Amino acid sequence: MKIIEYDGHVHTPFCPHGSQAPFKQYIETAIQHGYKGVSFCEHAPLPNSFPDPTPKKDSSMALSELEAYIKTIRDVRKSYKNDITIRIGLEVDFIEGYESETQQLLNHYGPYLDDSILSVHFIKAEGSFGLLDYSVDAFQTLAQKIGGIEPLVHRYYETLLQSIEADLGKYKPRRLGHMSLVRKFQKEFNLPSDEQWLEKVLHAVKKSGLSLDINGAGVVKPLCGETYPPLHFIQKAHDLGIPLVYGSDAHHPDGLGQGSEALPQVAFSSP
Ligand SMILES: [Zn+2]
Ligand SMILES: [Zn+2]
């Protein structure tokens, strides 16, 4: 395995669709791998008025758990302060039309966070929201609602561009999550080329001063088989001077480091 200095996208036992593996196990695995630091970025509580579209309503932690989440990480950070850098973060959903509620959450909790990620998992379709990366079936259903695979791909990147430009206040996350997530099931569907979109997104990221989550989770997804974004865009992002932070997106300690093998060294900056 590659020597990874920093993993900027790690989930936790607070994730209702992840694993219950304790923080200790994540941290000790990270130390064994030789990590110098991690950012725990759990799925942030969704806006109160946003109905979670997943069947089990388990996309994110509940708002009532957020304080315990922050406190627990502060405690483990203390115990491991001589061994590894630990940052407290959230993976915040950008949800079209819910910007002000999202900003309220960030205004309230932002002062306690060190490093967060902004991601798009929910896509607006005819007044309700569909799931981009939940399952092949959900992707198909969402595409049908929007009018096909191609319109869905376009809608995804439009939403991603909106997220980059959105005003979410002074605690808006500083890193864009898995920018090519729409490719998660690419071997199942005949996706149109999204190269121009990816190019556009990179320029928007550059302009906004965000960094990029170089996400390894897609590599181990059999229907995806590549990083988010794909390798040649990692090089382009680097050439543009965008800071790149590797993220395993692990939902279990065994996932730490996943997808890192093929990545160039430029993908491993610290946030
Ligand atoms: Zn997750
Ligand atoms: Zn995500």
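Residues numbered from 1 in each chain as written. Chains lettered and ligands numbered in written order. Predicted model: local features only at pLDDT ≥ 70, side-chain atom pairs only at ≥ 80, totals over all residues. Heavy atoms only, no water.

- Where an unreviewed UniProt entry is consulted, the protein appears under the name Histidinol-phosphatase, with the organism given as Geomicrobium halophilum.
- As stated in UniProt under Catalytic activity (unreviewed entry), the record for the protein gives "L-histidinol phosphate + H2O = L-histidinol + phosphate".
- Turning to the protein, the UniProt record has this under Pathway (unreviewed entry): "Amino-acid biosynthesis; L-histidine biosynthesis; L-histidine from 5-phospho-alpha-D-ribose 1-diphosphate: step 8/9." (UniProt positions renumbered as here; feature names shortened; annotations may be inferred.)

Focus on the overall build of the protein
Phase 1: Within the protein, the regular secondary structure consists of seven helices and nine strands.
Phase 2: Each principal axis of the C-alpha distribution contributes one length, and for the protein these read about 55 × 40 × 35 Å.
Phase 3: A total of 271 residues make up the protein; the buried ones form 55% of that total.
Phase 4: Considering only intrachain contacts with a sequence separation of at least 6, the fraction spanning at least 24 residues in the protein is 75%.
Phase 5: For the protein, the computed accessible surface area is about 11,500 Å², with 49% contributed by carbon and sulfur atoms.
Phase 6: Seen as two clouds, the 26 positive and the 34 negative side-chain charges of the protein have centres 5 Å apart. (Helix = DSSP H or I, 4+ residues; strand = E, 2+ residues; numbered from the N terminus. Buried < 20%, exposed > 50% of the residue type's maximum accessible area, 1.4 Å probe, protein only. Contact = heavy atoms within 4.5 Å. Areas by Shrake-Rupley, 256 points an atom, 1.4 Å probe, with all protein chains shown as cover. Lys, Arg positive; Asp, Glu negative; His and termini not counted. Charge placed at Lys NZ, Arg CZ, Asp CG, Glu CD.)

Details of the coordination of the zinc ion (ligand 2)
Phase 1: Donor atoms from the polypeptide that coordinate the zinc ion (ligand 2) comprise E91 (OE), H121 (NE2) and H178 (NE2), at 2.1 to 2.3 Å from the metal.
Phase 2: A gap of 5.6 Å separates the zinc ion (ligand 2) and the zinc ion (ligand 1). Here the residue E91 occupies a position in strand 3 (residues 85-93), and H178 occupies one in the loop between strand 7 (175-176) and helix 6 (195-208), the gap between them amounting to 87 residues.
Phase 3: Among the residues examined, H178 registers a relative accessible area of 2% and is labelled buried. (Donors = N, O, S within 2.8 Å, 3.2 Å for Na, K, Ca; no water.)

Notes on the coordination of the zinc ion (ligand 1)
Phase 1: Summarising the metal site, the zinc ion (ligand 1) is bound by the protein donors H17 (NE2), H43 (NE2) and H251 (NE2), whose distances to it range over 2.0 to 2.1 Å.
Phase 2: Counting the intervening residues between successive donors of the zinc ion (ligand 1) yields the motif H-x25-H-x207-H.
Phase 3: Exposure remark for H43: the relative accessible area of 7% places this residue in the buried category.

Some remarks on the side chain of T12
Phase 1: By secondary structure assignment, the location of T12 is in the loop between strand 1 (6-10) and helix 1 (23-32).
Phase 2: Note on T12: relative accessible area 0%, which makes it buried.
Phase 3: Reaching out from T12, the side chain makes a polar contact with the backbone nitrogen of F14 at a distance of 3.0 Å.
Phase 4: Apart from residues no more than four positions distant in its own chain, T12 is found in contact with S19, F23, Y26, F40, E42 and Y69. (Polar contact = N/O pair within 3.5 Å; in protein donor to acceptor, adjacent residues only side chain to side chain.)

Here we look at unusual backbone geometry
Phase 1: The linkage connecting Y228 with the following residue, P229, adopts the cis geometry, with an omega of -10 degrees.
Phase 2: Among the secondary structure elements, P229 is positioned in the loop between strand 8 (211-215) and helix 7 (231-239).
Phase 3: Although it is not a glycine, D249 adopts a positive phi angle of roughly 60 degrees.
Phase 4: When you line up the elements, D249 lands in the segment after strand 9 (244-247).

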